[in-house]
Amino acid sequence: TEINLEDNNLDGGLTQEIGVFRFLLKMSLYSNKVSSRLPSQIGELADLEYLWIDNNRMGGPLPSEIGRMSSLIQMDIYSNRFSSSVPTELGQLRNLERFSAYSNLLQGSIPTQIGNMNNLKELFLDSNSIGGSIPSELGQATALYDLRLFDNNLVGSIPNALSSLEDLQILYLDSNEITGPITVIEELPSLVDFQAFRNRLSGTIPNDIGDLGGLSVLDLNTNRMKGNIPDSLGESGSLEKLDLSKNEFGGNIPEGLEECTGLKKLRLNNNILVGSIPEWMGDLDELRELLLATNRLSGPIPEELGELTQLNQLTLEFNEITGKVSTDLCDYNVMRLSADCEGANAPVECECCTACCDSNGCVQLSGVSATARTAGLG
């Protein structure tokens, strides 16, 4: 038995008599204007397997009676106005595979009882106001492959117990107040996408990160991490996005990234990197973004960068590099191109930069080449 009334512009609320549908297997009411609370009688639907009430206007606390819905496989309540905390009784739903509650007004902490949910594969609690620390008990939910906790008020460190999640592919922890190192990620063999930007993470990138053969996205921007970027990071060659900007990483641009021929976004700006820009960067044919501004890089600008035909963003300013930006880039669809090309004695020559910078800041250019401008022809 099913109720399928999704996307029907329905308003009003769920009746307390909902409990009479005890043989109901699926309730689909998503994308309507339902505005009531979720009645406690929902717990009487012991046979219900799919509860999809997302994208409505429902609010109030989640009833503890949901813990009696022992047959639930998927519970989608995202994009509503549910408040209070996630009930601890959620941990009684041993058959639940997906709990999607993002974009609500949930508070409190993550229940430790979620660790009892042996079949839970997807847990989406992002974009709420959940606080406290990430419970180590989540490491007991060993079926998890997609864990999204970003955009909350989480504090504390990433628990080492998460290393038990051998099937975890996606881990989003960004936009919280999480502290400490990220050493646990080297123990997650299936990890594909790890995003923990805008936190207070510290420490270094573990050397064994190269053992993560499927890692495609690593985004740690806007943290307090330091040390050298390990060459092993590029060993698998699977990286498509690497964002380490706005940290305190030093040393050279790692040679191991040369193996990442599918890399599309490389953001290393606002660190303290030294050395030169390697010529092999011109071999990264898929590169769309190369952000190197605000470091301590030196030496000439490699002519090979002109071979990056897919490039649409290149930032080189506030370094100690010299030379000429390849004019080949002028023929591509580069929407943002900036360098230290401001003034008659600028260390960089750039004919098609969109911004030229010096120690006083940057000047945005529109339709005038930097060469013409510094020569007084613009």
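Residues numbered from 1 in each chain as written. Predicted model: local features only at pLDDT ≥ 70, side-chain atom pairs only at ≥ 80, totals over all residues. Heavy atoms only, no water.

Caption draft 1: Main features of the environment of Ser 85. By secondary structure assignment, the location of Ser 85 is in the loop between strand 6 (81-83) and strand 7 (98-100). With a relative accessible area of 31%, Ser 85 lands in the partly exposed category. Residues Ser 85 and Ile 130, 45 residues apart in the sequence, show an inter-C-alpha distance of 7.8 Å. Apart from residues lying up to four places away in sequence, Ser 85 is in contact with Gln 107 and Gly 108. (Helix = DSSP H or I, 4+ residues; strand = E, 2+ residues; numbered from the N terminus. Buried < 20%, exposed > 50% of the residue type's maximum accessible area, 1.4 Å probe, protein only. Contact = heavy atoms within 4.5 Å.)

Caption draft 2: Layout of the pattern of salt bridges. Applying the stated criterion to the full structure yields 11 salt bridges. The partner of Arg 98 in a salt bridge is Asp 76, and the shortest N-O contact between them spans 2.7 Å. Here the residue Arg 98 occupies a position in strand 7, and Asp 76 occupies one in strand 5 (residues 74-76), the gap between them amounting to 22 residues. Of the two residues, Arg 98 and Asp 76, both sit in the buried class. Put simply, Lys 324 and Glu 351 hold a salt bridge, and the shortest N to O gap is 3.6 Å. Of this pair, Lys 324 sits in strand 22 (residues 320-324) while Glu 351 sits in the loop between strand 24 (348-349) and strand 25 (355-358); the two residues are 27 residues apart in sequence, bridging distant segments of the chain. Linked by salt bridges that have partners in common, Asp 76, Arg 98 and Glu 122 make up one network. (Salt bridge = Lys/Arg side-chain N within 4 Å of Asp/Glu carboxyl O.)

Caption draft 3: Molecular detail of the pairing of strand 26 (residues 361-364). Pairing analysis gives four bridges linking strand 25 to strand 26, with the strands arranged antiparallel. Following the sheet pairing, Ala 355 is matched in strand 26 by Gln 364. Counting the residues between successive antiparallel strands, the hairpin from strand 25 to strand 26 contains two residues. (Pairing = 2+ DSSP bridges.)

Caption draft 4: View of the layout of surface pockets. Volume-wise, the largest pocket comes out at about 160 Å³. Lining of the largest pocket is provided by Ile 3, Leu 10, Asp 11, Gly 12, Gly 13, Leu 14, Thr 15, Ile 18, Phe 21, Met 27, Leu 29 and Val 34. Residues that form the lining of the largest pocket fall into these classes: eight nonpolar, three polar and one charged. (1 Å grid on protein atoms, 1.4 Å probe; cavity = no way out; pocket = protein on both sides within 12 Å on 5 of 7 lines; lining within 4 Å. Points joined across faces, edges and corners; volume = space filled by probe spheres on them. Nonpolar A, V, L, I, M, F, W, Y, C, P; charged D, E, K, R; others polar.)

Caption draft 5: The sheet that holds strand 20 (residues 298-300), seen in detail. Read from one edge to the other, the open sheet built from three strands follows the order 20-22-24, with strand pairing classed as parallel. Each edge of the open sheet carries a strand with a single partner, namely strand 20 and strand 24. Two elements, strand 22 and strand 24, share two bridges in a ladder whose sense is parallel. Each residue of the ladder has a partner; that of Lys 324, found in strand 24, is Glu 349.

Caption draft 6: Here's a closer look at unusual backbone geometry. The backbone phi angle of Ser 31 is positive, close to 60°, even though this residue is not glycine. Position of Ser 31 relative to the elements: it lies in the loop between strand 2 (26-28) and strand 3 (50-52). The partly exposed category is assigned to Ser 31, whose relative accessible area is 28%. One non-glycine residue with positive phi stands out, namely Thr 222, at about 60°.

Caption draft 7: Structural context of the nonpolar core. Of all hydrophobic cores here, the largest spans 102 residues; its most connected members are Phe 99, Phe 194, Leu 218 and Leu 220. Excluding its chain neighbours within four sequence positions, the residues that come into contact with Phe 99 are Leu 62, Met 75, Ile 77, Val 86, Leu 90, Leu 120, Glu 122, Leu 123, Phe 124 and Leu 125. (Core = buried A, V, L, I, M, F, W, Y, C linked by side-chain atoms within 4.5 Å.)

Caption draft 8: Main features of the state of the cysteines. Within the structure shown, the criterion is met by four disulfides. Two residues, Cys 341 and Cys 356, share a disulfide whose sulfurs are 2.0 Å apart. On the S-S bond that ties Cys 341 to Cys 356, the torsion sits near -100°, and the link is left-handed. Pair noted here: Cys 341 is in the loop between strand 23 (336-339) and strand 24 and Cys 356 is in strand 25, with a separation of 15 residues, a long-range link. For the pair Cys 341 and Cys 356, one class covers both residues: buried. (Disulfide = S-S within 2.5 Å.)

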